[in-house]
Amino acid sequence: MRIYKDKLTGDEMFSDTYKIKLVDDVLYEVYGKHVTRKEGEILLDGANPSAEEADEGADSNVESGVDVVLNHRLAESYAFPDKKSYLLYLKDYMKKLIPKLEQDAPDQVEIFKTNVNKVMKDILSRFKDLQFFTGESMEIEGLVGILEYREINGDSVPVLMFLKHGLDEEKF
């Protein structure tokens, strides 16, 4: 299993247990699903809950939301009321990320700079339909994931987007 963590904060953002698509070698799209479950219960795809567990009725707290958000304890951020505020964040974030990238993966800097503008321009054209999520630390200085719902085969599917170069990949 691979866990993808924010390069600046160390927060866990997602894992490879979800369908992932790489766009223009710069953006991961992570396809989730809307779930409802008992609070604290984490079910990964392929997990087989015990058949012996009895339903405890309505006493337990129930949480619902996007599985990626719930499983990786992402926190919704309301720091971007408009496109201008998000662009200011993005500019600031790039100032922190590029030097780290130059140090860790200098061959990737040019790919990142070339492709990120095109990808972000497309995403920001749908700004009013987006939600933003930070890692568990809620540190706005780190990577902010973007969530949008897309119509796929007649279903509304939550798609989280993360800048590839803002993540460290750890194998478990």
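See the structure shown above.
Quick caveat: nothing in here was measured; it's all calculated off a predicted structure.

For this particular structure, what's the right way to read the nonpolar core?
In globular proteins that are soluble, nonpolar side chains generally tend to be buried together. By size, the foremost hydrophobic cluster in this structure holds 45 residues, and its most contacted members are F14, Y86, F112, L160, F162 and L163. Every element with two or more residues in this core is listed here: strand 2 (12–15), strand 4 (27–31), helix 1 (67–71), helix 2 (83–104), helix 3 (109–124), strand 8 (131–134), strand 9 (145–152) and strand 10 (155–163). With eight residues, helix 2 is the single largest residue contributor to this core. The residues touching L163, leaving out its near neighbours within four places in the chain, are V26, L27, Y93, M94, F112, V116, M120 and L143.

Looking at this structure, I do not really get helix 2. What am I missing?
Counting along an α-helix, one turn takes 3.6 residues, and residues three or four places apart therefore face a common direction. With 22 residues, helix 2 extends 30 Å between its outermost C-alpha atoms, agreeing within 8% with the 32 Å of an ideal straight helix rising 1.5 Å per residue. Taken residue by residue, helix 2 has S85, Y86, Y89, L90, Y93, M94, L97, I98 and L101 as its buried positions. In this structure, the buried residues of helix 2 make contact with helix 3, strand 8, strand 9 and strand 10.

Looking at this structure, I do not really get the pattern of salt bridges. What am I missing?
When the charged atoms of two side chains lie near each other, side chains of opposite charge can form a pair. Counting across every chain of the model gives 15 salt bridges. E170 is paired through a salt bridge with K5; the nearest N and O atoms lie 3.5 Å apart. In this pair, E170 is assigned in strand 11 (residues 167–171) and K5 in strand 1 (residues 2–6), connecting sequence segments 165 residues apart. On the basis of relative accessibility, which here comes to 31%, the residue E170 falls in the partly exposed class. Ionic pairing is found between E148 and R126, a salt bridge with its closest N-O pair at 2.9 Å. Remark: R126 occurs in the loop between helix 3 and strand 8 and E148 occurs in strand 9; sequence separation between them is 22 residues. For R126, a relative accessible area of 23% corresponds to the partly exposed category. One network of salt bridges, in which partners are shared, links E29, D122, R126, E148 and R150.

I'm lost on the packing of aromatic side chains in this one. Help?
For any two aromatic rings, the description comes down to two numbers: the centre-to-centre distance and the angle of the planes. Throughout the structure, instances matching the rule amount to eleven aromatic pairs. Residues F80 and Y89 carry aromatic rings whose centres are separated by 5.3 Å and whose planes lie at 50 degrees to one another, so their mutual orientation is tilted. Each member of the pair, F80 as well as Y89, is classed as buried. Seen in terms of ring centroids, Y89 and Y93 are 5.7 Å apart; in terms of plane orientation they differ by 25 degrees. Their pairing is stacked.

Calculation criteria
Residues numbered from 1 in each chain as written. Predicted model: local features only at pLDDT ≥ 70, side-chain atom pairs only at ≥ 80, totals over all residues. Heavy atoms only, no water. Core = buried A, V, L, I, M, F, W, Y, C linked by side-chain atoms within 4.5 Å. Buried < 20%, exposed > 50% of the residue type's maximum accessible area, 1.4 Å probe, protein only. Helix = DSSP H or I, 4+ residues; strand = E, 2+ residues; numbered from the N terminus. Contact = heavy atoms within 4.5 Å. Expected span 1.5 Å × (residues − 1). Salt bridge = Lys/Arg side-chain N within 4 Å of Asp/Glu carboxyl O. Phe/Tyr/Trp six-rings, centres within 6.5 Å; stacked < 30°, edge-to-face > 60°.

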